[in-house]
Amino acid sequence: MSASGTDVELLEFIEEATKNADDVQKRVLAEILSQNTHTEYLQQRCGLGGSTDRQTFMAKVPMVTYDDLKPDILRIANGDRSPILSAHPITEFLTRHGYPFTSPLLLVLTSFLGSGTSAGERKLMPTIQQNLERRQFLYDLLIPVMNKFVPGLDKGKGLYFLFVKTDTKTPGGLPARPVLTSYYKSELFKCRKFNPYLVYTSPTEAILCSDSFQSMYSQMLCCLLQHQEVLRIGAVFASGLLRAIRFLQVHWQDLTLDIERGTLSLKITDPSIRAAVAKLLKPDPDTARFVRDNCSDQNWEGIITKIWPRTKYLDVIVTGAMAQYIPSLNYYGGGLPLKPHEPRHTELLDLADLQLGKEYELVVTTYAGLYRYRVGDILRVSGFHNSAPQFHFVQRKNVALSIDSDKTDEAELQKAVEAASNRLMKDNHTRILEYTSYADTRTIPGHYGVFLELALDNGPDPAPVLEGVMEECCLAMEEKLNSVYRQGRVCHQSIGPLEIRVVQSGTFEELMEYAISKGSSINQYMAPRCVTFAPILELLDSRIVSSHFSPALPHWSPTRRH
């Protein structure tokens, strides 16, 4: 297939940038420093004196974490409009955890060592108007690359389950919202030019609806109506696509009724969605019968290829914590190839210092005023394109549990367990001897599972399992988890209720014996706070005495961040 003129230009840009990666990064660094030379941070605190070269920059500007910059960021959030970090006006804050930077970056890779900051609470990442345009340019690079490997993507549509999340305003009046919400609500997305490679089954009105049920229902209805036109299926995270499949399992009867009658469910009350869907919806008994026949079958293996038979690949993030969903994607996808979203960036140091297969911590410098900022992401060099290294996302630093966009580290998990311990000690004189945890993705949505071994406070005897109390402990733990977790539970239903699994007395002794039999030192052994290794999980599951789930939703509101 011959590439379009625009595709050729974009591919040439990629080739040129990756052939001269070091020169490009020098130029980007000089441009960033030149634009921000008179900022308070670079001029007064770092004493850069207008220098734009790499050597001076690395000598005078320290590597920093979010905690280091938090006072400056809060000044901006509270209304200070002076050039603190960036010479350009800060237009909004991005509140995503993982990659908050989808604009051209200056990346510095440091060896994977040392400790990072908490991955739990959302952080306010400053951004400027120009970054939105840079993000759009990077999005435009994706399709030409895919066209090289999957021809004919302009002959159909993309089925993407896209959603906006809650955004708030800082005390100073600046929006604070996730990066994709920022993009979807921008004029660049809402008024985007027609591109045959970027035609979606979901109406923009459905994507922009903040009611998650109405948004999902209408997007699912539209993609079923257009099931013969779909060439690729995706969501941001693998967990998001699996939630969509689960939604279909629960609501297919209502959806097929709407298709059959050509009427939209009264549960959808958003006027803009109703108007947009009305343009597609008309009585279609044949499609209704097709969907009903497939969904009524108890065996949902390969359901994606059954309902959307022209699908070429699944477009979801399956790296890092999302890798746990690959078996489920393979089951529902019928073996469709997965297109991994892997950050591919060039780096500041001598490329000869990088080695294939080694892991590095990511440090970035941005146009919006983050200089040598430690993101907390761990990347592995997976290959090279010309002189530029390609990276595979491994994990967030210090993260113990993750289901969706939530990131819970060991310190946060410990606080949650302490809340359960306090509840058990208060009235039941029961203590927690040991605990570990597991991100259980066998359910949709996935949920946190916490294994507890209990004993009476006055002795080693196993404590009785107390009806009702353990459920209260589940909720107490959820209340202590970070706001991103609670938002996923309350607002987006992307995380299921936390589960406590009480295990038999002596279970953690068995766990230690197993670890020692595999080579661990008894002097250095510590019970793992998160487990993923199948034999260990099997051992723990085989010792479960009882299982308890959180009986209610934890508290969350857009204004509660802790």
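Use the structure listed above.
A brief look at the structure comes next. As the structure is a prediction and not an experimental result, all values here were calculated from the model.

A closer look at the overall build of the chain
Scanning the chain for helices and strands turns up 20 helices and 18 strands. Buried residues in the chain amount to 52% of all 562 residues. Partitioning the intrachain contacts of the chain with sequence separation of at least 6 by distance along the chain shows that 74% fall at a separation of at least 24. Counting every atom, the chain has about 24,400 Å² of accessible surface; 53% of that belongs to carbon and sulfur.

Regarding the pattern of salt bridges
Once their charged atoms are close, side chains differing in charge can pair, the charge on each being opposite to the other. What the rule picks out here adds up to 26 salt bridges. In this structure, the salt-bridge partner of Glu359 is Arg380, at a minimum N-O distance of 2.8 Å. Within this pair, whereas Glu359 is found in strand 10 (residues 359-365), its partner Arg380 is found in strand 11 (residues 373-385), the two being separated by 21 residues in sequence. Residue classification places Glu359 among the partly exposed residues on the basis of a relative accessible area of 26%. In the salt-bridge network here, residues are joined through shared partners; they are Glu40, Arg45, Asp72, Arg75 and Asp80.

Considerations on the sheet that holds strand 16 (residues 447-456)
Spatial ordering of the open sheet is given by 15-16-17-18, a layout of four strands whose pairing is mixed. Pairing within the sheet leaves two strands with one partner each, and these edge strands are strand 15 (430-440) and strand 18 (544-549). Neighbouring strand axes in the sheet, compared pairwise and without regard to direction, differ in orientation by 25 degrees on average. Against the sheet, helix 16 (residues 410-428) makes contact with strand 15 and strand 16, and its axis sits at roughly 145 degrees relative to strand 15, the strand it touches most. Strands strand 16, strand 17 (499-503) and strand 18 of the sheet are contacted by helix 17 (residues 469-480), whose axis makes an angle of about 130 degrees with strand 17.

Overview of the nonpolar core
Counting 71 residues, the largest nonpolar core has Leu248 and Trp308 as the members making the most contacts within it. Top element by residues in this core is helix 11 (residues 238-261). It accounts for ten residues. Among all residues touching Trp308, those that are not within four sequence positions of it are Leu159, Met220, Cys223, Leu224, His227, Val230, Ile233 and Leu248. Judged by nonpolar contacts, the second largest core, of 56 residues, contains Cys46, Leu48, Met146 and Tyr197.

Quick look at the pairing of strand 4 (residues 157-161)
Of all five residues that make up strand 4, five are buried, and the element is covered over most of its length. Examined bridge by bridge, strand 4 and strand 7 (residues 230-237) share five bridges and lie parallel to one another. Following the sheet pairing, Tyr160 is matched in strand 7 by Gly234.

As for the side chain of Asn482
Here Asn482 lies in the loop between helix 17 and helix 18 (483-490). On the basis of relative accessibility, which here comes to 1%, the residue Asn482 falls in the buried class. Of note is the side chain of Asn482, whose polar atom sits 3.3 Å from the side chain of Glu412. A polar contact of 3.1 Å, which involves the side chain of Asn482, links it to the backbone nitrogen of Val484.

Some thoughts on the side chain of Thr436
Summarising the element assignment, Thr436 is placed in strand 15. A distance of 2.6 Å separates a polar side-chain atom of Thr436 from the backbone oxygen of Pro528. Apart from residues lying up to four places away in sequence, Thr436 is in contact with Gly449, Val450, Phe451, Phe508, Pro528, Arg529, Cys530, Val531 and Leu540.

Some points on helix 18
One turn of an α-helix holds 3.6 residues; hence residues three or four places apart share an orientation. Summarising burial for helix 18: seven of the eight residues are buried, a large majority. Buried within helix 18 we find Ser483, Val484, Tyr485, Arg486, Gln487, Gly488 and Arg489. Against strand 16 and helix 17 lie the buried residues of helix 18. The opening residue of helix 18, the one whose side-chain oxygen lies 3.1 Å from the backbone nitrogen of Val484, is Asn482.

Points about helix 20 (residues 534-542)
Of all the positions in helix 20, only Ile536, Leu537, Leu539 and Leu540 are classed as buried. Angularly, the buried residues of helix 20 cover 160 degrees about the axis, an arc narrow enough to put them on a single face. In the core, the buried residues of helix 20 are packed alongside strand 15, strand 16, strand 17, helix 19 (507-517) and strand 18.

Some thoughts on the environment of Pro337
Mapped onto the secondary structure, Pro337 falls in the loop between helix 15 (326-333) and strand 9 (338-339). Here the alpha-carbon distance between Pro337 and Asp315, two residues 22 residues apart in the chain, equals 8.8 Å. Sequence-distant contacts of Pro337, defined by excluding residues within four places in its chain, comprise Lys312, Tyr313 and Leu314.

About the criteria used
Here the residue index of a chain counts from 1 through its sequence in written order. Owing to the predicted nature of the model, reporting of local features is limited to residues with pLDDT of at least 70; listing and counting of side-chain atom pairs is limited to 80 or more, with chain, interface and lining totals taken over all residues. Side-chain numbers come from the whole structure's heavy atoms, not from hydrogens or water. Helix and strand definitions here come from DSSP, where helices need a minimum of 4 consecutive H or I residues and strands a minimum of 2 consecutive E residues; each element is numbered from the N-terminal end. Throughout this description, buried means an accessible area under 20% of the type-specific maximum (1.4 Å probe, protein chains only), exposed means over 50%, and partly exposed covers the range between. For this analysis, residues touch if any pair of their heavy atoms sits within 4.5 Å. In this description, accessible areas are obtained by the Shrake-Rupley approach with a 1.4 Å probe, and a residue is regarded as covered only by the protein chains that are shown. Any carboxyl oxygen of Asp or Glu within 4 Å of a side-chain nitrogen of Lys or Arg constitutes a salt bridge here. A pair of strands is labelled paired if DSSP reports no fewer than 2 bridges between them. All axes are obtained by fitting lines to C-alpha atoms, using only the stretch in contact for helices, and the reported angles, taken between N-to-C directions, cover 0 to 180 degrees. Among buried residues, those of type Ala, Val, Leu, Ile, Met, Phe, Trp, Tyr and Cys that are joined through side-chain atoms within 4.5 Å constitute a nonpolar core. Think of a polar contact as two N or O atoms within 3.5 Å of one another; within protein, one of them needs to be a possible hydrogen donor and the other a possible acceptor, and neighboring residues in sequence only count if both atoms come from side chains. In this description, the arc belongs to the directions extending from the helix axis to the C-beta atoms.

These figures capture arrangement, not role.
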